[in-house]
Amino acid sequence: MTSTIQRLESEVRSYCRSFPTVFTKAEGSVLHDAKGTQYIDFFAGAGSLNYGHNEPHLRDALVAYLQASGITHGLDMATEAKIAFLETFERLVLKPRDLDMKVMFPGPTGTNAVEAAIKLARKVTGRNNVVAFTNAFHGMTLGSLALTGNAGKRHGAGVALHDVNRLPFDGYMGDDVDTLDYVETVLADPSSGIDAPAAFIVETVQGEGGVNVASGPWLRRLAKLAKLHDALLIIDDIQVGCGRTGEFFSFEKLGVSPDIVCLSKSISGYGLPFALTLFKPELDQWSPGEHNGTFRGNNLAFVTAQVALERYWADDALSRAVADKAAYASERLAELANRHDAKARGRGLIQGLAFDEDPSIADRATALAFERGLIIETSGAHGEVIKLLPPLTIERTHLERGLDILTESVQLASQGRAAASTTRFTAGSEQAVLNQAVES
Ligand SMILES: *Cc1c(COP(=O)(O)O)cnc(C)c1O
């Protein structure tokens, strides 16, 4: 079944190991495989499918555009689709939030948006180093990888990753320590060895890093520190933007106004490659073509993004629905955490269940969940956090059913704790799932 993939696709493949089946189609929050099994999706393309798979309004617009021979590729030439997207983005996203920002199309992926952000910050400030935080994830190309915390991913670089200072994220030293006391101290000391940076780059909720939530006060203090040291504040909203936390941007209710914002994943609304780097107008010091790329104008993504904004961001219905579903999900996770010596945390519809004592529970539970028809991933430094990331539009019944499957899977995985101590599961390996199938 998956033998073609095993034979031909590089060992670097990953998610097809975590979810070893052949998918055929998907609608909303349900995926189908070749055997006719249905899976509830609590992964949503790592946050790229906030409005679900094949959202019909977006699909209709896309099909109509293609049928009418609309421009698919045009470098960054002016197209009707680009203008329609920009006007809608201004009207429904920027204006209502009083955000005066220029829009840059940095290339189609999240890491492109981050590379452009730090390149611009370095250019504008004339400084080299950028502060990134512990457990951060900002992408896999060299500049972004230097900002990423994960050791395994960093080691893949094969070259020195430099011009980044790593400082502790909110809560990194435990609940009683404000890590910005340390940051403030080292930045105030000319002999600390940490120079004033070009920028601080931060996720308001660390998705890959284990659903670590930065508090409003911590982020506001960070913004103040950045200002004090003439450094820019970059918010990487690639995973938790586009409504994931309830509001369009994850920072809008937190009282911080970043200088630069990175968006990707769900901005096309349809799972198409698309990324934006937004910045305050005075930072727009690029000369024409100074940052370039062949695929910076994904017109198909312009079309779906524009319809997604019209459909979901013309009023606050989606935000309210996210708040309702988030309240329900966090209640269910709190119960689970209570029963299994875990910690529940999150914001909006990014929620985590952390098994700090025995990270293998998270791994086993997600494998068991897959066998029971639920797609859900782990995150965190040790893969110890089960990360709930459903489409924001998920039907209540699917959310409930998915949480039922998760509850059962965590139960079984916890019971298997003693037996499994001899079989250490490797995160996301095909073998892990096979072992599990044999055991259960
Ligand atoms: C996924 C992600 C990226 C990288 O996006 P790619 O499209 O995979 O390059 C960067 N930052 C955050 C916070 C992400 O979640």
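A word on the overall build of the chain
Thinking step 1. Scanning the chain for helices and strands turns up 16 helices and 17 strands.
Thinking step 2. The C-alpha atoms of the chain give 22 Å as radius of gyration, which agrees with the globular expectation for 440 residues (22 Å, within 12%).
Thinking step 3. Seen through its principal axes, the chain has C-alpha atoms that stretch 60 × 60 × 45 Å.
Thinking step 4. A burial count over the chain gives 54% of its 440 residues as buried.
Thinking step 5. In the chain, once contacts between residues fewer than 6 apart in sequence are set aside, the share between residues at least 24 apart is 72%.

So, the site of the ligand
Thinking step 1. Close contacts around the ligand come from T109, G110, T111, F137, H138, G139, E203, D236, I238, Q239 and K265, and that covers them all.
Thinking step 2. Between an oxygen atom of the ligand and a main-chain N or O atom of G110, the distance comes to 2.8 Å.
Thinking step 3. Out of a free accessible area of 380 Å², the ligand has 82% covered by protein chains.
Thinking step 4. Of the residues belonging to the shell around the ligand, the class tally is 2 nonpolar, 6 polar and 3 charged.

Quick word on the sheet that holds strand β7 (residues 199–202)
Thinking step 1. Here we have 7 strands laid out as an open sheet, ordered β4-β12-β11-β10-β7-β5-β6, and mixed in their pairing. Edge strands, defined here as strands with exactly one partner in the open sheet, are β4 (102–104) and β6 (164–167). Taken pair by pair, the neighbouring strands of this sheet meet at an average axis angle of 20°, ignoring direction.
Thinking step 2. Relative to β7, strand β5 (residues 130–133) runs parallel, the two being bridged by 2 bridges. By the bridge assignment, V131 is partnered in β7 with F200.

Some remarks on the domain arrangement of the chain
Frequently, the measure chosen for interface size is the accessible area removed from exposure when the parts meet.
Thinking step 1. Domains assigned within the chain are domain 1 (3–55 + 316–439) and domain 2 (58–312).
Thinking step 2. Look at where the C-alpha atoms of domain 1 and domain 2 centre, and you get two points 26 Å apart.
Thinking step 3. With 30 residues of domain 1 at the interface, the matching set in domain 2 holds 31 residues.
Thinking step 4. Around 2,600 Å² of area is buried between domain 1 and domain 2 when both sides are counted, 48% of it from carbon and sulfur atoms.

With respect to the side chain of S264
Thinking step 1. Looking at the secondary structure, you find S264 in the loop between β11 (260–263) and β12 (276–279).
Thinking step 2. In this structure S264 touches P108, T109, G110, I238, C242, F274 and A275, once residues within four positions along its chain are discounted.

Considerations on the nonpolar core
Thinking step 1. Counting residues in hydrophobic clusters, the biggest one holds 61 residues, and the most contacted among them are F89, F200, F248, F249 and L263.
Thinking step 2. In terms of residue count, the dominant contributor to this core is helix α11 (residues 299–312) (9 residues).
Thinking step 3. Two domains each provide a minimum of three residues to this core, namely domain 1 (3–55 + 316–439) and domain 2 (58–312).
Thinking step 4. Ignoring anything within four residues of it in the chain, the contact list for F200 reads V131, F133, V183, L187, L222, A226, A231, L232, L233 and I234.
Thinking step 5. Counting 28 residues, the second largest nonpolar core, distinct from the first, contains A113, L147, I238 and A275.

Notes on unusual backbone geometry
Thinking step 1. Phi is positive for S69, which is not a glycine, with a value near 55°.
Thinking step 2. Among the structural elements, S69 can be located in the loop between α4 (56–67) and α5 (80–94).
Thinking step 3. Although it is not a glycine, C242 adopts a positive phi angle of roughly 55°.
Thinking step 4. Structurally, C242 is set in the loop between β10 (232–236) and β11.

Comments concerning the sheet that holds strand β15 (residues 374–375)
Thinking step 1. The strand order β1-β2-β3-β15 describes an open sheet built from 4 strands, whose pairing is mixed. With partners counted over all chains shown, the strands left at the sheet margins are β1 (23–27) and β15, one partner each.
Thinking step 2. Across 2 bridges, strand β3 (residues 38–41) lies against β15 in parallel orientation. Bridge assignment links I40 to a residue of β15, and that residue is L374.

Here's the deal with the environment of E184
Thinking step 1. Looking at the secondary structure, you find E184 in helix α9 (residues 179–188).
Thinking step 2. Relative accessible area serves as the criterion here: at 38%, E184 is assigned to the partly exposed category.
Thinking step 3. Placed 119 residues apart in sequence, E184 and V303 show a C-alpha to C-alpha distance of 44 Å.
Thinking step 4. Excluding residues within four positions of it along the chain, E184 makes contact with R221 and L225.

Structural notes on the packing of α4 against α11
Thinking step 1. As a packed pair, α4 and α11 sit with axes 9 Å apart at the nearest point and diverge in direction by 145°. Along this stretch, α4 crosses α11, giving a crossing that reads as right-handed. Every residue of α11 that contacts α4 at H57, L58, A61, L62, Y65 and L66 is listed here: N299, L300, V303, T304, V307, A308 and R311.
Thinking step 2. Residues belonging to the contact of α4 with α11 are distributed by class as follows: 9 nonpolar, 3 polar and 1 charged.

A short note on the packing of aromatic side chains
For any two aromatic rings, the description comes down to two numbers: the centre-to-centre distance and the angle of the planes.
Thinking step 1. With the rule as written, the count across this model stands at 20 aromatic pairs.
Thinking step 2. Seen in terms of ring centroids, Y39 and F370 are 4.9 Å apart; in terms of plane orientation they differ by 10°. Their pairing is stacked. Note that Y39 is positioned in strand β3 and F370 in helix α13 (residues 360–371), a separation of 331 residues in sequence. With respect to class, Y39 is no different from F370; both count as buried.
Thinking step 3. Centroid distance F85 to F105: 6.4 Å. Interplanar angle 55°. Geometry classified as tilted. Taken together, the residues span a long stretch of sequence, with F85 in helix α5 and F105 in the loop between β4 and α6 (110–125) at a distance of 20 residues.
Thinking step 4. Grouped by ring-pair contacts, the aromatic residues F85, F89, F105, F248, F249, F251, F274, F302 and W313 constitute a single cluster.
Thinking step 5. Between the NZ or CZ atom of R311 and the centre of the ring of Y312, over which it lies, the distance is 5.9 Å.

The rules behind these values
- Residues numbered from 1 in each chain as written.
- Predicted model: local features only at pLDDT ≥ 70, side-chain atom pairs only at ≥ 80, totals over all residues.
- Heavy atoms only, no water.
- Helix = DSSP H or I, 4+ residues; strand = E, 2+ residues; numbered from the N terminus.
- Rg over C-alpha atoms; globule rule 2.2 N^0.38 Å.
- Buried < 20%, exposed > 50% of the residue type's maximum accessible area, 1.4 Å probe, protein only.
- Contact = heavy atoms within 4.5 Å.
- Near = heavy atom within 4 Å.
- Polar contact = N/O pair within 3.5 Å; in protein donor to acceptor, adjacent residues only side chain to side chain.
- Areas by Shrake-Rupley, 256 points an atom, 1.4 Å probe, with all protein chains shown as cover.
- Nonpolar A, V, L, I, M, F, W, Y, C, P; charged D, E, K, R; others polar.
- Pairing = 2+ DSSP bridges.
- Axes fitted to C-alpha atoms, helices over the stretch in contact; angles between N-to-C directions.
- Domains from an automatic or database assignment.
- Buried area = accessible area lost by both parts, 1.4 Å probe.
- Core = buried A, V, L, I, M, F, W, Y, C linked by side-chain atoms within 4.5 Å.
- Left-handed = near helix turned anticlockwise from the far one by under 90°.
- Phe/Tyr/Trp six-rings, centres within 6.5 Å; stacked < 30°, edge-to-face > 60°.
- Lys NZ or Arg CZ within 6 Å of the ring centre and 35° of its normal.

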